[in-house]
Every structure is written in structure tokens, then in C-alpha cells.
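In case you want the letters, here they are:
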Amino acid sequence: HDKVIVGGNVVYYNIDESFAETDKMPQIHIILKEGATLKTGDQLTLVESAGRSALNGGQWQFEIRYPQAYTWEVEETTDAEGKYTLKVRVVSEDYSGQGEAGYEDDDEDNGNEDIPQLDIEAEMAYNTPLRTYAEKNNKFVGTCVPVWNINVDDDNDAKTKLIAEQFNMVVCENEMKFDATEPSQGEFDYYHGDRLVNFANRHGMRVRGHALVWHSQVPGWLTSDGNKNSFNRSREELLAIMKNHIENVVGHWKGKVAEWDVCNEVLSDDQSAVRTDPNAYTLRPSVWQSIGEDFLDSAFVWAHRADPDAVLILNDYGVEFQGQAKAEAFYNLAKYLKEKGVPIDGVGLQCHLDVGNVDINKLKATIDRFNAIGLRCVITELDLGMDDNEANRMQQAKDYYNIARIAMEADNCNELMIWGLTDAMTWRGGRNPLLYDSDLTPKPAYYGLHQGLRETSSAPTAISPLPYGKPSATHVVAETYYNLQGQRITSSAADSIYITSQLMSDGSVRNKKVINR
Ligand code: 9MR
């Protein structure tokens, strides 16, 4: 960029791109030469510019990747003449962890290369439903249900049947939200929520509750738009409203709804504060936030008192990949709540993502680091948008496969929820993000997810011919595994390369090399 001067031992990626036009976040990697020693107070000037406004109209954003040494602080200054400078400074010679996992790979390598080739036709040979694999691991695979639009009272309805067959967890898409459950102040409506709970009971499914405290889908009597305290209620009045809502709703479904999104989407999308303060987070302005930041503590405490056995979750979007500013802020907030004794059990990663943009290493890093601080990390609203074509359909299958594996292999992740059933019933109209076509035919995405669940499921499962979709001439009837020395092995260890030998229904044998990561 002609107005950016880059100095010091800094490698700039995408240097040819105009920051005014790119949608990529410039990354600055600080790489220390072997043997380099820095002292507290040493600083590097990373960027100088005629003015902040010269950098993408002031919308300049950047990401710094630190070496795995020292503790660093960032400083952005604009002097009296408007000259902008971005510096980093060593503030301690101890390593702070700023350069941990998630920074190790660069963006060109999102860790997705070495996955086994998905063989959709072979996968079709397994008629085991998704939930069976999850159940073998005491885990849950689920979907959100638009209860107003699916007849969950009729077990013979095609969609109802499919949901009960494939999933062991459900969540109302809209029917347990504030506007649905308390449409008039103090008057509660549990009708549709109860319908889903009854359906789940009949089919041995776990129920998530979504969502108690959220700025969106709130009734007009509470706020005009969710963002403002439009009726100028006092802190005490708003707290009383929140308490009454939580006590009633959680109380009504006590013992029936296993888990609640207590606070939903409380973070602002602008988390630039984390670049200068590694512990920062910025809350979104909302009717709830106007109570003061401790609305979060109160919400979790009241939910816990209303159902001490319920799992309590802080849920958000755009927080999936470690290193993203909002992901850092999300971690900071959850850690802060947990450390001060708020009864939070875990976090929800919504995962409204796009095909091809799923960075599994960073997703894994996110899940792992919540584990390290004793928090669950569940996938709450997965959908993967794409334009509908063959290549994207296959990539979508791979992305579902990868996410299933990462989630099912993580000890602190017991749930993977898809945000909807068919591409005809999604909030992302035209983006085809789900597992089923509108006629309920499973897409490659379904088989990708299926394979991911199957491979991470601990017990063997039956193979039988072609349950769904288009019939294929041959299918797998038995599968044996060999190591690279040709010795037979019983199962494939994680992080190994092995050969799978498939006996097909027509008597032929297919051998494939599988890289199991
Ligand atoms: O899928 C939901 C859609 O039917 C509603 O119109 C919309 C209203 O905000 O909410 C959708 O679900 C959202 C979820 O409750 C919270 N995370 C984002 C989801 C997609 O917008």
C-alpha cells in the first residue's frame, strides 16, 4: 500500500493488496531470529502512515501474531500532525501465551488438506442414523425445529419422523425466545415449547432452551428495538423483569430442558479493544446492558436457582476461530465470568459459517482452550452457506465432516446442533446451508457429517444396503484395516495413516489410504 511504511524485521503477507479494497485482515507476524534476546521496554514500529484515515478510510484492522516468547503490548498513536503509528512493546520477559496454538498455522493452510477423500456413495451404504453414533459416545447431535411449521405432534409426519430418527437433541428455532414466551408482561405462553418438549420425551431426545436474555426477538412492551431501554425503566425495574422471566420460563421447564442459552449475543461485533488490551471485551448496547454489566451475573444466578441441574451457556456468533478479535473477546468474557464464580457451565459457538471458510485448527484451538479453563464448548447453531453447485456440495460435506470430528473428539464438547432441517427451511435463504434438500433427500453434507460421526463413534456399527437417496450399484459389505506394513489392525488410531480395504457387494475390493487426523 503506498501510504504504509513497513519497518523492522517484519514479514507482511498480501503486501500487494490494497487495504482499501481487500476484505482480508492484514496480518503482521513478529518472528524472532534464533537466539534473539529482547528486554522489557524494547519496541518495534510495525506501521507508520500519513494518517489513520489513509488506512482503509480509518476502518483499518489488523491482526498481530506474536512469537512464543515474552509478553507484548500494542500501541496505536496519532500525533498532533495526524501521523499514525502502530507499535508493539515487550512488557515482560516472561511468556504470556499470546503466541499459543491457533497462531501456528498461517491462513493459506487451514489444516483441511489431509482429510480422507469422502466417498459419498460408500457412506450411503450405512443406514445407521446420526444419533446412533452420537449416543455411542454419550453425545448429542441435534437440530433446531421451527415448531410453528412442523407438526411435531404427529409422529407420522415426514419431517417429524426424520427428526426423531436422525437426531437425539432438539431446540426451538423461535418458540422459547422472550417474545414468544412472555408476549405480554407477566403472561407466559408455553404452548409451542411444550409441544417440542413432549415430542422430545416420546423419542428420547435432549432439549436445549434458546434463549433467555437476548437483545433480539424481545416483545414491544419491553423495548422498541432491543437495543435501547426505550421506556426508560430503572435498573431495578429491568432486573425485576429479567428475574421474573427467567424464574418462570426456566421454572416451567425445570428438569425438561437440560440446557439454556442464558445470555445470547451479548458481545459487540467491534472488538478492536482486544488489540491493545489482551483481556478486553466490549458488550453490545442493549436493553439488558443498560442495567449495567452485572446483568450477566444476575441472569446466570437466577437461571441456576430456577433449575440447579440445567447446564448454563453463554452463546454467540463470530467467535469460533481462535485469533479473531471477537473470539478473543468471547474467551475473555467467559473466563472472567467463570473466575468470579458466576454459575456458567460453558459457551456456545453458533457456527453460522460459509463453505470453504472453516478453519478446523482454529476451531479446535477454541474448543481446547475453553476446556483448559473448565468450560464446556458446544456447537449450537451450525449451518454452512454456499452457492449450490457440485464442487460446493462436496466442500460442504468435507466441512461438516471436519466439524463433526473436531466436536466429537473434544472431551468438553458433547453437542453438535444444526440450525435447521432442510434448505427450504433456513434463515439463510438461497445459501443452501443444511443437510437435506427441500424434498428431504440427504445432501452430501449429510453424508459428510455421517462419516465424521461414524469415524469418531467408539463402537462398531452395522453396514447395510442403501437406506436413503439414489441407489448405487454396489455398496460396502465389509471393511478391514491394515497398517502401512500390511498388517491387519482392528481399528484406526487417531493421527495415523492406514489402508482400508472394502469388500463391495459385487465381490470387488476397494483399497484406500486414509489419513486419520
Ligand atoms: O432462525 C431464526 C429465524 O427464524 C428468526 O427469524 C431469527 C430472528 O432473529 O432468529 C433466527 O435464529 C437466530 C438465533 O436465534 C440466534 N443466532 C442467530 C440465528 C440466526 O439469525
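Remember, predicted model here, so these are calculated numbers, not experimental data.

Asks: Which parts of the structure should I look at to understand the overall build of the chain?
Replies: For the chain, the count of helices and strands is eleven helices and 20 strands. In the chain, which comprises 517 residues, the share counted as buried stands at 53%. Across the chain, contacts joining residues at least 24 apart in sequence account for 73% of those joining residues at least 6 apart. Counting every atom, the chain has about 22,000 Å² of accessible surface; 46% of that belongs to carbon and sulfur.

Asks: Help me out: how do you make sense of the site of the ligand in this one?
Replies: Every one of the 14 residues lining the ligand counts as a neighbour, but Glu173, Lys177, His210, Glu265 and Glu381 are closest to it. For the ligand, an oxygen atom lies 3.0 Å from a polar atom in the side chain of Asn174. His210 is positioned such that a nitrogen or oxygen atom in its side chain is 2.7 Å from an oxygen atom of the ligand. Look at the ligand: alone it shows 450 Å² of surface, and the protein chains cover 75% of it. Considered class by class, the residues forming the shell around the ligand number three nonpolar, seven polar and four charged.

Asks: Teacher, can you tell me more about the confidence of the model for the chain here?
Replies: Predicted coordinates in regions of low pLDDT should not be interpreted in detail. On average, residues of the chain carry a pLDDT of 84, and 78% of them reach 70 or more. In the predicted structure, residues 1-24 sits below a pLDDT of 50 and forms 41 contacts with residues beyond four places in sequence or in another chain. Every residue in residues 459-473 scores below 50 in pLDDT, and together they form 36 contacts with partners more than four places removed in sequence or on other chains.

Asks: Would you explain the side chain of His215 in this entry?
Replies: Looking at where His215 falls in the secondary structure, it is placed in the loop between strand S10 (206-213) and helix H6 (235-252). If we skip the residues at most four places from it in the chain, His215 touches Asp225, Gly226, Asn227, Glu265, Arg284, Ser286 and Trp288.

Asks: For this particular structure, what's the right way to read the packing of aromatic side chains?
Replies: By convention here, two paired aromatic rings are described through the distance between centres and the angle between planes. One pass over the full model with this rule turns up eleven aromatic pairs. An angle of 90° between the planes, with centres 6.1 Å apart, marks the rings of Tyr70 and Trp72 as edge-to-face. Considered together, Tyr70 and Trp72 belong to a single accessibility category, that of buried residues. With centroids separated by 5.8 Å and ring planes inclined at 35°, the aromatic side chains of Phe178 and Trp288 adopt a geometry described as tilted. Residue Phe178 is located in helix H4 (residues 178-181), and its partner Trp288 is located in the loop between strand S11 (259-264) and helix H7 (295-306); the two are separated by 110 residues in the primary sequence. Across this residue pair, the class does not change: Phe178 and Trp288 are buried. Here the aromatic residues Phe188, Tyr190, Trp253 and Trp260 are joined through ring pairs into a cluster of three or more. A cation over an aromatic ring shows up here: Arg369 above the ring of Tyr331, its NZ or CZ 4.1 Å from the ring centre.

Asks: What is the right way to look at the side chain of Thr380 in this model?
Replies: Tracing the sequence through the fold places Thr380 in strand S15 (residues 376-385). Owing to a relative accessible area of 1%, Thr380 belongs among the buried residues under this scheme. There is a polar contact of 2.7 Å between the side chain of Thr380 and the side chain of Asn315. For Thr380, the contacting residues outside a window of four places in its chain are Arg208, Asp261, Asn315, Gly348, Leu349, Gln350, Met417 and Trp419.

Asks: What is the right way to look at unusual backbone geometry in this model?
Replies: Glycine aside, a negative phi is what most residues show, and trans is what most peptide bonds show. His210 connects to Ala211 through a cis peptide bond whose omega is 0°. Mapping Ala211 onto the fold places it in strand S10. Even without being glycine, Tyr70 reaches a positive phi, approximately 65°. With respect to the element layout, Tyr70 can be found in the loop between strand S5 (63-65) and strand S6 (71-78). Not every positive phi belongs to a glycine, and Glu265 is a case in point at roughly 55°. Tracing the sequence through the fold places Glu265 in the loop between S11 and H7.

Asks: Help me understand the pattern of salt bridges, please; the structure alone is not making it clear to me.
Replies: Side chains that carry opposite charge are capable of pairing whenever their charged atoms lie near each other. Evaluated as defined, the whole model comprises 31 salt bridges. Between Arg235 and Asp294 there is a salt bridge, with its nearest N and O atoms 2.9 Å apart. A residue pair is termed long-range when its members are at least 10 positions apart, and Arg235 in helix H6 and Asp294 in the loop between S11 and H7 qualify at 59 residues. Judged by relative accessible area, Arg235 falls into the partly exposed class, the value being 34%. The exposure class of Asp294 is partly exposed, given its relative accessible area of 29%. One network of salt bridges, in which partners are shared, links Arg206, Arg208, Glu259, Asp261 and Glu415.

Asks: Honestly, H6 in this entry has me stumped. Any pointers?
Replies: Taking 1.5 Å per residue as the helical rise, H6 with its 18 residues ought to reach 26 Å, and the 26 Å between its terminal C-alpha atoms agrees with that figure. Within H6, burial applies to Leu238, Leu239, Ile241, Met242, His245, Ile246, Val249 and Val250. Down the axis, H6 shows its buried residues gathered within 160° of arc, on one side only. Buried residues belonging to H6 abut H4, S10, S11 and H7.

Asks: Would you take a moment to explain the environment of Arg369 for this structure?
Replies: In this structure, Arg369 sits in helix H9 (residues 360-372). Exposure remark for Arg369: the relative accessible area of 15% places this residue in the buried category. Distance from Arg369 to Tyr331, taken between C-alpha atoms, is 8.4 Å for residues 38 residues apart in sequence. In this structure Arg369 touches Gln322, Ala327, Glu328 and Tyr331, once residues within four positions along its chain are discounted.

Asks: Any chance you could explain the pairing of strand S9 (residues 169-172) here in plain terms?
Replies: On a regular strand, each side chain points to the face opposite its neighbour's, so the side chains alternate between the two faces of the sheet. Across the two faces of S9 the burial is the same, with Met169 and Val171 and Val170 and Cys172 all buried. Sheet topology note: the strand S8 (residues 140-145)/S9 ladder contains four bridges and is parallel. Looking at the pairing, Cys144 lines up with Val171 of S9. With respect to chirality, the unit in which S8 leads through helix H3 (residues 158-166) into the neighbouring parallel S9 is right-handed.

Cut-offs applied
- Residues numbered from 1 in each chain as written.
- Predicted model: local features only at pLDDT ≥ 70, side-chain atom pairs only at ≥ 80, totals over all residues.
- Heavy atoms only, no water.
- Helix = DSSP H or I, 4+ residues; strand = E, 2+ residues; numbered from the N terminus.
- Buried < 20%, exposed > 50% of the residue type's maximum accessible area, 1.4 Å probe, protein only.
- Contact = heavy atoms within 4.5 Å.
- Areas by Shrake-Rupley, 256 points an atom, 1.4 Å probe, with all protein chains shown as cover.
- Near = heavy atom within 4 Å.
- Polar contact = N/O pair within 3.5 Å; in protein donor to acceptor, adjacent residues only side chain to side chain.
- Nonpolar A, V, L, I, M, F, W, Y, C, P; charged D, E, K, R; others polar.
- pLDDT = per-residue confidence, 0-100.
- Phe/Tyr/Trp six-rings, centres within 6.5 Å; stacked < 30°, edge-to-face > 60°.
- Lys NZ or Arg CZ within 6 Å of the ring centre and 35° of its normal.
- Salt bridge = Lys/Arg side-chain N within 4 Å of Asp/Glu carboxyl O.
- Expected span 1.5 Å × (residues − 1).
- Arc of directions from axis to C-beta.
- Pairing = 2+ DSSP bridges.
- Right-handed = clockwise from strand over helix to strand, strands pointing away.

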